[in-house]
2 protein chains.
Amino acid sequence: MTEDIPSDHPRHDSLVTRHRIEAGVDAGITSRQGLIAEGRGEAFDYLLGEETIPSADDAERAAAAQLLLAEHPVLSVNGNAAALVPEELVELAETVGADLEVNLFNRTPERMEAIADHLQAHGAPDVKGLDADERIPGIDHERARVDADGIYDADVVLVPLEDGDRAEALAEMGKVEIVIDLNPLSRSPRTAAIPVIDNIIRAIPNITAHARSLESAERDELEAIVADFDAERALHEAEERIRTGAGQEQ
Amino acid sequence: MTEDIPSDHPRHDSLVTRHRIEAGVDAGITSRQGLIAEGRGEAFDYLLGEETIPSADDAERAAAAQLLLAEHPVLSVNGNAAALVPEELVELAETVGADLEVNLFNRTPERMEAIADHLQAHGAPDVKGLDADERIPGIDHERARVDADGIYDADVVLVPLEDGDRAEALAEMGKVEIVIDLNPLSRSPRTAAIPVIDNIIRAIPNITAHARSLESAERDELEAIVADFDAERALHEAEERIRTGAGQEQ
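Reading the values: rules and limits
- Residues numbered from 1 in each chain as written.
- Chains lettered and ligands numbered in written order.
- Predicted model: local features only at pLDDT ≥ 70, side-chain atom pairs only at ≥ 80, totals over all residues.
- Heavy atoms only, no water.
- Helix = DSSP H or I, 4+ residues; strand = E, 2+ residues; numbered from the N terminus.
- Polar contact = N/O pair within 3.5 Å; in protein donor to acceptor, adjacent residues only side chain to side chain.
- Buried < 20%, exposed > 50% of the residue type's maximum accessible area, 1.4 Å probe, protein only.
- Phe/Tyr/Trp six-rings, centres within 6.5 Å; stacked < 30°, edge-to-face > 60°.
- Lys NZ or Arg CZ within 6 Å of the ring centre and 35° of its normal.
- Core = buried A, V, L, I, M, F, W, Y, C linked by side-chain atoms within 4.5 Å.
- Contact = heavy atoms within 4.5 Å.
- Buried area = accessible area lost by both parts, 1.4 Å probe.
- Salt bridge = Lys/Arg side-chain N within 4 Å of Asp/Glu carboxyl O.
- Nonpolar A, V, L, I, M, F, W, Y, C, P; charged D, E, K, R; others polar.

## Observations concerning the side chain of H72 of chain B
Next up, step 1: Position of H72 of chain B among the secondary structure elements: in the loop between α3 (54-69) and β1 (73-77).
Next up, step 2: At a separation of 2.6 Å, a polar atom in the side chain of H72 of chain B contacts the side chain of D153 of chain B.

## Looking at unusual backbone geometry
All names here are of chain A.
Next up, step 1: Even without being a glycine, E50 presents a positive backbone phi close to 50°.
Next up, step 2: Along the chain, E50 turns up in the loop between α2 (32-48) and α3 (54-69).
Next up, step 3: The exposure class of E50 is buried, given its relative accessible area of 17%.
Next up, step 4: One non-glycine residue, A132, lies in positive phi territory at about 55°.
Next up, step 5: Note on placement: A132 falls in the loop between α6 (109-121) and β3 (134-135).
Next up, step 6: The class for A132 is buried, based on a relative accessible area of 9%.

## Details of the packing of aromatic side chains
Next up, step 1: Under the defined criterion, the tally for this structure stands at 2 aromatic pairs over all chains.
Next up, step 2: Taking the centre distance of 6.5 Å and the plane angle of 65° together, the rings of Y46 of chain A and F44 of chain B count as edge-to-face. Placement of the pair is Y46 of chain A in helix α2 and F44 of chain B in helix α2 (residues 32-48), with the two residues belonging to separate chains.
Next up, step 3: For the cation-ring pair, K175 of chain A lies above Y152 of chain A, with the distance from its terminal atom to the ring centre recorded as 5.9 Å.

## Digging into the nonpolar core
Next up, step 1: Ranked by size, the top nonpolar core spans 109 residues in total, and within it L67, L75 and L158 of chain A together with L67, L75 and L158 of chain B carry the most contacts.
Next up, step 2: Apart from residues no more than four positions distant in its own chain, L158 of chain B is found in contact with L67, V74, L75, S76, L92, I178, I180, I204 and I207 of chain B.
Next up, step 3: Grouped together as the second largest cluster of nonpolar side chains are 26 residues, L47 of chain A together with A43, L47 and A238 of chain B included.

## With respect to the interface of chain B and chain A
Next up, step 1: Contacts between the two partners involve 31 residues from chain B, matched on the other side by 31 residues from chain A.
Next up, step 2: Between chain B and chain A, roughly 2800 Å² of surface is buried when both sides are summed, and carbon and sulfur atoms account for 55% of that area.
Next up, step 3: Counting every contact that joins chain B to chain A gives 6 salt bridges.
Next up, step 4: At the boundary of chain B and chain A, one finds 13 residue pairs in polar contact (both at pLDDT 80 or more).
Next up, step 5: Secondary structure elements with two or more residues in the side of chain B that touches chain A: α1 (12-26), α2, α9 (187-191) and α12 (231-244) of chain B.
Next up, step 6: When residues of the side of chain B that touches chain A are assigned to their parent elements, the largest contribution, 12 residues, is made by α2 of chain B.
Next up, step 7: Of the residues contributing to the side of chain B that touches chain A, the split by class is 11 nonpolar, 8 polar and 12 charged.

Laid out in structure tokens, this is it:
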């Protein structure tokens, strides 16, 4: 059914997103909070013009470089990310050699299993997060649980649609964080080394595309891309777009 | 539990809203679409500063005057409105002598009943919408169904959180529409005679308060309030606020 929406439909991303999120509810992947978060995202995406703005594309290129430079990159996956871009996450993980780890704000064994199964059904060879044998210091129990050989050990973590407390706690552990979020004013992207203010539906495939074109780049070229990326400026430009792009009709 | 949130909490409205929407899901009142819509509303309310801006207060006063002037005012109630402000809707209906009519985008007998029961449990003496013996011309079947002695017969209709098609169809029937919506750019408030760009949690009690203070006003005073209200300007000011108020931290 997703495939029935023509790719040139003016609200293509919004319709695909809505459809996948609904399917995520049926599969026990998307929570109530996830549906509300999806709505918040829709509003910000609408104000952004439902497209990848140039500063977001820069961030996605820097994210690709950062993931390629990492020793142990991990893509953290929550319910909405799994519902929206399962295949795209598996492709990105493959392209940059990252682990996939399920990590939920509202953790239940059923949802953990459903999400891991969903990722595996979309081609993930291995999914972390079910062991949960370590903890991120400084935040409360359930959200803190991670795999010792996953996020706990990672040097670079990509965290889509993250909550602010956990984003801060991960940064305090010294992880380099790439955060995908549609609200440039919220705490998580402001905590990130690389804030990506874009719809995850566009962001993940675009990071993968950048990673593919950078695959044979030298280490110092990748380092230069990361060093040149200006997080403050990217946040500012997204905010400006939300302000000044607000004139379009629905 | 709603009562446990101190009224001076900086995110009071947001927390109360979230709690009531969750309870609405448990009660079979709030749909998936309702949860997503709630999230969209949260984002716009956040950008508005989570307060009733002066132009919204003007709109709420004009709405009160318009409802008092009406021969047969009807408050249209959908799932989110019922979940968020059941008592407040009953009070407003009582204050201005309006009917309450349940009208759903995704109409099922179960949800219709659950919402009518919920309103009655909050003091509504009578709830319309279950007969559905008439139709609004020009829109598809389920959304079009209304009561012959309710919305179909009304001269003034208050429609919170409405979909654009139905808002347009009601306007084409010659109804004077008061639309409550947090997105000043969406079609429904742009169709309305009186667009109220505010959180329904603040808007409904404030319309009631204005109606009470106008209860003994002369007809020509009420007419002057309605005539003086400038819908274009109200939409513009809400949009401006979304743009320039975007600087606050979450």
